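# Architecture and fold: a report
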Amino acid sequence: MASAISDLTIPSTLILTSPSSLHRRRLLRLAARSSIHRACFKESTPVPVEPVVSGRREFVAQTALLSLCVSAAGGVVTREGKAEEQQLLADWERVYLPIDPGVVLLDIAFVPEDPKHGFILGTRQTILETKDGGYTWAPRSVPSAEDEDFNYRFNSISFMGKEGWIVGKPAILLYTSDGGDTWERIPLSSQLPGDIVYIKATGEKSSEMVTDQGAIYVTSNKGYNWKAAVQETVSATLNRTVSSGISGASYYTGTFNTVNRSPDGRYVAVSSRGNFYMTWEPGQPYWQPHNRAVARRIQNMGWRADGGLWLLVRGGGLYLSKGTGITEDFEEVPVQSRGFGLLDVGFRSQEEAWAAGGSGVLLRTTNGGKTWTRDKAADNIAANLYSVKFIDDKTGFVLGNDGVLLRYLG
């Protein structure tokens, strides 16, 4: 039985100081469509050859159509053609990264004080940095994370203001107070139960971190001291409540498969075998176990924009909870996942969300999850898409294995 979680006292630490191939492929696809021919030659009021650009996506769209029409129609492009070409573009584009193909991307975050400045984390000690909103990325060196013979897996990153936190495995905690210009290594207790899988910046010098054994710790002094928010690990909770009727609890291996936090601080976590899930709300002394309401094992769970839950099962099924808040009452929503498993859901707004999964599956809803349609943007990408992250309603990314990163075009 796992021992109870105790508060941690942490000592101080030393402060450290060409056009893309995607655009070419789009151009070729557009050239093959008869709609482009009609747009170029249809009788209509011509507009000047020089495109009016209001954004990068529109620039790509207009330039692609313009180059086709200039060669075919002697230097004019119709308004109808420009509008039709815009509709042909996908909502995502791939961003090629300077990393090894085997790297799995795990998390992404941007500095609120500088929205174009962001970081990507991944396996094999991967930290990438962008200063142009995610169009280009470069490897970022953090000396304090490289002075030991460890190959860190950086799991989670979070910012509030200019303060940011990074956690990884083996246990490592990095902190910045200047928007990521410098990162400081904060030592962690060797008795920490489990591996740190999630961190959330919550205020000035304050954050909340979670381990895969269900320990939740909070700090308000830059990570030098941590206070336990739950009284025991999930293994201890389940051993104590195994007779409560939670199916599969006696076979629990002691770790979470996924953990997701709501904006108001509630958590939902899926057991490592996917046979049940657990929830926690601020003020509760223990995690609360729940039987799964579906036959297939759970792949992942998270929070909808309206406060309800979404649930993904192995094999590609998607379920939504009835109403908002924590519940065991779910209903299935038909999706076209092509038989591949769905791995994550990210909400862009109250009504629009995207689901991603194996072999480049991307699904979109515009009605809060009632119906979903498949986006073919990633059909030719031989990678699993693990995570959907929207920074705001105009900035979003999909992270996958083999260094795959998709950027939302808005």
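Located above this text is the structure these notes cover.
First, a word on what this report is: a plain description of the structure on this page.

Definitions and cut-offs
Residues numbered from 1 in each chain as written. Predicted model: local features only at pLDDT ≥ 70, side-chain atom pairs only at ≥ 80, totals over all residues. Heavy atoms only, no water. Helix = DSSP H or I, 4+ residues; strand = E, 2+ residues; numbered from the N terminus. Buried < 20%, exposed > 50% of the residue type's maximum accessible area, 1.4 Å probe, protein only. Areas by Shrake-Rupley, 256 points an atom, 1.4 Å probe, with all protein chains shown as cover. Pairing = 2+ DSSP bridges. Core = buried A, V, L, I, M, F, W, Y, C linked by side-chain atoms within 4.5 Å. Contact = heavy atoms within 4.5 Å. Phe/Tyr/Trp six-rings, centres within 6.5 Å; stacked < 30°, edge-to-face > 60°. Salt bridge = Lys/Arg side-chain N within 4 Å of Asp/Glu carboxyl O. Axes fitted to C-alpha atoms, helices over the stretch in contact; angles between N-to-C directions. Polar contact = N/O pair within 3.5 Å; in protein donor to acceptor, adjacent residues only side chain to side chain.

## With respect to the overall build of the protein chain
If you tally the helices and strands in the protein chain, you get 5 helices and 31 strands. Split into buried and exposed, the 410 residues of the protein chain put 52% on the buried side. Total accessible area computed for the protein chain in this model is approximately 18,500 Å², and 48% of it derives from carbon and sulfur atoms.

## Notes on the pairing of strand β19 (residues 276–280)
Burial of β19 is extensive: 5 of the 5 residues sit out of reach of the surface. Where burial is concerned, the two faces of β19 agree: the one with Phe 276, Met 278 and Trp 280 and the one with Tyr 277 and Thr 279 are both buried. Here strand β18 (residues 267–271) runs beside β19; their pairing, made up of 4 bridges, is antiparallel. Bridge pairing links Val 268 to Thr 279 in β19. Both β19 and strand β20 (residues 288–291) contribute to a ladder of 4 bridges, which runs antiparallel. Within β20, the position partnered with Thr 279 by the bridge is Gln 288.

## Let's talk about the sheet that holds strand β7 (residues 126–130)
What links the strands of a sheet is backbone hydrogen bonding, and the strands pair in either a parallel or an antiparallel sense. Spatially, β5-β6-β7-β8 is the arrangement adopted by the 4 strands of the open sheet, whose pairing is antiparallel. Every other strand in the sheet has two partners, leaving β5 (105–111) and β8 (138–139) as the edge strands with one partner each. One ladder, built from 2 bridges, connects β7 with β8; its direction is antiparallel. When the bridges of β8 are listed, Leu 128 appears paired with Pro 139.

## So, the nonpolar core
Residues Leu 173, Met 209 and Tyr 217 are the most contacted members of the largest nonpolar core, which totals 16 residues. When contributions to this core are tallied by element, the ones reaching two or more residues are β10 (163–169), β11 (172–176), β13 (196–203) and β16 (225–228). Here this core gets 3 residues from one element, more than from any other, and that element is β13. Residue contacts for Met 209: discarding those within four places in its chain leaves Leu 188, Leu 192, Ile 196, Tyr 198, Ile 199, Ala 215, Ile 216, Tyr 217 and Trp 226. Core analysis: the second largest hydrophobic core is formed by 15 residues, Ala 109, Leu 121, Ile 127 and Trp 183 among them.

## Brief notes about the packing of aromatic side chains
Under the counting rule described, the total for this entry stands at 20 aromatic pairs. With a centroid separation of 6.4 Å and an interplanar angle of 85°, the aromatic rings of Tyr 277 and Phe 330 are classed as edge-to-face. Of the two residues, Tyr 277 is situated in strand β19 and Phe 330 in strand β24 (residues 330–333); the sequence distance between them amounts to 53 residues. Phe 330 carries the same exposure label as Tyr 277, and that label is buried.

## Regarding the pattern of salt bridges
This model, assessed by the stated rule, comprises 13 salt bridges. Notably, a salt bridge pairs Lys 169 with Asp 195, separated by 3.4 Å at the nearest N-O pair. Here the residue Lys 169 occupies a position in strand β10, and Asp 195 occupies one in the loop between β12 (184–185) and β13, the gap between them amounting to 26 residues. On the accessibility criterion, Lys 169 (41% relative accessible area) is partly exposed.

## Section: the sheet that holds strand β26 (residues 353–357)
The 4 strands lie next to each other as β25-β26-β27-β28, forming an open sheet whose pairing is antiparallel. Strands with a single pairing partner mark the edges of an open sheet, and in this sheet they are β25 (342–347) and β28 (373–375). Between one strand axis and the next, the sheet turns by 30° as a mean value, whatever way the strands run. Pairing of β25 with β26, which is carried by 5 bridges, proceeds in the antiparallel orientation.

## So, unusual backbone geometry
For the peptide bond that leads from Lys 169 to Pro 170, omega is -5°, which places it in the cis range. As for its position among the elements, Pro 170 is in the loop between β10 and β11. Positive phi outside glycine occurs at Arg 124, with the angle close to 55°. Mapping Arg 124 onto the fold places it in the loop between β6 (114–122) and β7.

## So, the pairing of strand β15 (residues 216–219)
Alignment of strand β14 (residues 206–211) against β15, held across 4 bridges, turns out to be antiparallel. When the bridges of β15 are listed, Val 210 appears paired with Ile 216. The turn linking β14 back onto β15 is made up of 4 residues, and Gly 214 within it adopts a positive phi angle of 90°. The sheet contact formed by β15 and β16 spans 2 bridges and is antiparallel. Pairing of Tyr 217 across the sheet is with Ala 228, part of β16. Counting the residues that bridge the hairpin from β15 to β16 gives 5 residues, and of these Lys 222 lies at a positive phi of roughly 70°.

## Quick word on the environment of Asn 151
Structurally, Asn 151 is set in the loop between β8 and β9 (153–160). Overall, Asn 151 belongs to the exposed group, its relative accessible area being 53%. Spatially, the C-alpha atom of Asn 151 lies 9.3 Å from that of Thr 126, the residues being 25 residues apart in sequence. There is a polar contact of 3.4 Å between the side chain of Asn 151 and the backbone nitrogen of Gln 125.

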